[in-house]
Amino acid sequence: MGQLDQSTLWHSNNRRHARIIWGFWFITVLLTVYCWQVMNEETMWVFVYDAPEQGADLLSRMFPPNWLYINQLYEALWDTLNIATLGTLLGVILAFPVAFLAARNTTPSTKFVRPVALFIIAASRSINSLIWALLLVSILGPGILAGIIAIGLRSIGFVAKLLYESIEETNGTSVEAIESTGASRFQVINYAIIPQILPAFLSIAIFRWDINIRESTILGLVGAGGIGLFLSSSLNTLAWPQVTLIILVILATVVVSEYFSAKVRSLLI
Amino acid sequence: MRTWQRPHYLVPNKRWRLALWVMFIAYLVVGIGSVEVNWMRAYEGLDRGAKFLAGFLQPDFTSRAKDIYAGILESLTMTVTSTVVGILLSLPFGVGAARNISPKPVYLFCRSFIALSRSMQEIIVAIFLVALFGFGAFAGFLTLTYATIGFLGKLLAEEIEGIDRKQLEAISATGASWLQRVHMAIWPQVMPRMIGLSFYRFDINFRESAVIGIVGAGGIGATLNTAIDRYEYDSAGAILLIIIVIVMACEYLSGWIRKWVS
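Residues numbered from 1 in each chain as written. Chains lettered and ligands numbered in written order. Predicted model: local features only at pLDDT ≥ 70, side-chain atom pairs only at ≥ 80, totals over all residues.

**A closer look at the overall build of chain A**
Next, step 1: If you tally the helices and strands in chain A, you get 11 helices and 0 strands.
Next, step 2: In summary, chain A has a C-alpha radius of gyration of 26 Å against a globular reference of 18 Å for 269 residues, an excess of more than 25%.
Next, step 3: Expressed along its principal axes, the backbone C-alpha trace of chain A runs to roughly 70 × 70 × 35 Å.
Next, step 4: Scored against the burial criterion, the 269 residues of chain A give a buried share of 38%.
Next, step 5: Within chain A, contacts between residues separated by at least 24 positions form 73% of all contacts whose residues are at least 6 apart in sequence. (Helix = DSSP H or I, 4+ residues; strand = E, 2+ residues; numbered from the N terminus. Rg over C-alpha atoms; globule rule 2.2 N^0.38 Å. Buried ≥ 20, exposed ≤ 12 C-beta atoms within 10 Å, placed from the backbone. Contact = placed C-beta atoms within 7 Å.)

Structure representation (structure tokens):
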């Protein structure tokens, strides 16, 4: 303890704590500076310095947007909606069993099945849908199907993770009550667990759908269909007024789907 | 004989339930019907799919080791710098966007900046920043920083709006200045969650850094893109496995740190 005379400043942490925090900051600063050096070894600073001019030039090319181009986008928008919705559906269907295998209270074996299910979740979550799409376009050829499967594969991890957490949080007493009637394992899941997680499940699925709408708008950049295809071709032909319009359309789609999903989820909970 | 039927919780009205199902099935029919699939091409792809699976199970770390190392290094350095700079910049934006401690004009400015940053996907931002700043990691760094400001700024603002007012009042009563109030009354309340969220964002930034390389903003994404373009699925499998391992390590580490902080 320091002496409590007038000149002592009040501070909240003990010395050891303060030293650890100081060390943490020191290492962070060191690491950041080092990373900055490594990262910028190949940066062409000439390009960075003339960015304001480039920006002004780009803006003058982008405006006004090519409003008439919207007539060609309706079909692509429908495709985007389909990719997101069917992809979510695929992901949800695949995530359902994975979640039950991953939850501690429903998995058949914590030693073998649970780690596999957790790895599936981790693998699906760590790889962005754009990378899945890149792979699938290379495997299946360009088109909507690759987009749907990419969205589905990415959604498994997200949905299964949130779902298995809510399965683990379910109330054990109703499980016991159903078990005491002599119900089989499936009947217990069907009558004791599913009613408890159903609202959470639907709300997770709709939340993911909303994210998927956002992601499916750009899948076309790697050839997986939807409005991103038009973005990619407009970028390649440097048709900036079309690019502006497409980005505005994407923003509008995202805002509408976010509003819709928030509305439905607030009804569910 | 009467059988028991469990009640329907979500949509108790039978007609509504029927209508929702009909709408759902109608959409499925129309939606799936409008998906054009080139089945011949997809069938030919099965072969490649099998090759990819084989590549994933027997990844080839060695033959492209140099490219992979350079890509991962670029991704990691990009992630570290953009997360740190993004956190630093998100603090003023987050404080500015909290309704209870900021004046109205500042609040509106910060809120609209955050909304703008959140509404654009990283990859679209990356396309523009690559056009402005040239190819390479610097454009990627800017993209991730921009996205981090929106993400953390919003969450910090919400966290500050939800604090316990009593501590703020107690500190104000001692005659503390605005800065002292933020430091002594607000910061201790939001700090534990901010640390957790920062690590979470680090994780997201790493995952995103693997993607924005596809449009030329540096990182492992470019290496992955080349590997897939050349049909080198064993190298692609190796890269994906490295990404998965790093993300899992980040998650584990951030869980550990969050536990330590609280």
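After that view, the rundown keeps rolling.
**Looking at the UniProt feature "transmembrane region" (unreviewed entry) in chain A**
Residues and elements named next belong to chain A.
Next, step 1: Those places that UniProt annotates as "transmembrane region" (unreviewed entry) correspond, in this numbering, to residues 20-39, 83-103, 130-153, 188-209, 216-233 and 239-260.
Next, step 2: Each end of residues 188-209 is marked by a C-alpha atom, and these two atoms are 29 Å apart; helix forms 100% of the span and strand 0%.
Next, step 3: The annotated region residues 216-233 carries 44% helix and 0% strand content, and the separation between its end C-alpha atoms amounts to 16 Å. (UniProt positions renumbered as here; feature names shortened; annotations may be inferred.)

**Remarks on the interface of chain B and chain A**
Next, step 1: Across the boundary between the two partners, chain B contributes 48 residues, which contact 48 residues of chain A.
Next, step 2: Looking at the side of chain B that touches chain A, the elements that each hand over two or more residues are helix H1 (14-33), helix H2 (39-57), helix H3 (65-96), helix H5 (122-133), helix H6 (137-161), helix H8 (178-212), helix H9 (220-229) and helix H10 (233-261) of chain B.
Next, step 3: The dominant element in the side of chain B that touches chain A, judged by the number of residues it contributes, is H3 of chain B, at 7 residues.

**Observations regarding the packing of helix H5 (residues 113-126) of chain A against helix H7 (residues 144-168) of chain A**
The description of two helices packed together rests on the angle between their axes and the distance between the axes.
All names here are of chain A.
Next, step 1: Between H5 and H7, the least distance of the axes is 7 Å, while the angle of their chain directions is 125°. When the axes of H5 and H7 are compared, the pair comes out oblique. Here H5 and H7 pass one another in a crossing that is left-handed. Residue-level inspection shows Ile120, Ile121, Ala122, Ser124 and Arg125 of H5 in contact with H7, the latter providing Leu153, Arg154, Ile156, Gly157, Phe158, Ala160 and Lys161. (Axes fitted to C-alpha atoms, helices over the stretch in contact; angles between N-to-C directions. Parallel < 35°, antiparallel > 145°, perpendicular 65-115°, else oblique. Left-handed = near helix turned anticlockwise from the far one by under 90°.)

**What to know about helix H10 (residues 227-236) of chain A**
Residue and element names in this part refer to chain A.
Next, step 1: Of all the positions in H10, only Ile227, Gly228, Leu229, Phe230, Leu231 and Ser234 are classed as buried.
Next, step 2: Buried-residue contacts for H10 involve helix H4 (74-102) and helix H11 (240-268).
Next, step 3: Positive phi shows up at leucine 238, right after H10, with a value of about 55°.

**So, the environment of glycine 71 of chain B**
Residues and elements named next belong to chain B.
Next, step 1: On the secondary structure map, glycine 71 appears in helix H3.
Next, step 2: Of the residues examined, glycine 71 has 25 C-beta atoms within 10 Å and is grouped as buried.
Next, step 3: Excluding its chain neighbours within four sequence positions, the residues that come into contact with glycine 71 are Gly219, Ile220, Ala222 and Thr223.

**Points about the UniProt feature "domain: ABC transmembrane type-1" (unreviewed entry) in chain A**
Next, step 1: The feature "domain: ABC transmembrane type-1" (unreviewed entry), as annotated in UniProt, sits at residues 77-261 of chain A in this numbering.
Next, step 2: As annotated, residues 77-261 of chain A comprises 81% helix and 0% strand, and the C-alpha atoms at either end are separated by 18 Å.

**A closer look at the UniProt feature "domain: ABC transmembrane type-1" (unreviewed entry) in chain B**
Next, step 1: Annotation from UniProt places "domain: ABC transmembrane type-1" (unreviewed entry) at residues 72-254 of chain B.
Next, step 2: Helix makes up 84% of residues 72-254 of chain B and strand 0%, whereas the separation of the span's terminal C-alpha atoms amounts to 20 Å.

**Remarks on the environment of alanine 262 of chain A**
All names here are of chain A.
Next, step 1: If you trace the backbone, alanine 262 turns up in helix H11.
Next, step 2: When the 13 C-beta atoms within 10 Å are taken as the criterion, alanine 262 is described as partly exposed.
Next, step 3: The spacing of alanine 262 and aspartate 50 is 212 residues in sequence and 42 Å in space, taken between C-alpha atoms.

**Here we look at unusual backbone geometry**
Next, step 1: Of note, the phi angle at leucine 238 of chain A is positive, near 55°, even though the residue is not glycine.
Next, step 2: Its location among the elements puts leucine 238 of chain A in the loop between H10 and H11.
Next, step 3: Judged by C-beta crowding, with 10 C-beta atoms within 10 Å, leucine 238 of chain A ranks as exposed.
Next, step 4: Non-glycine residue tyrosine 231 of chain B carries a positive phi angle of around 60°.

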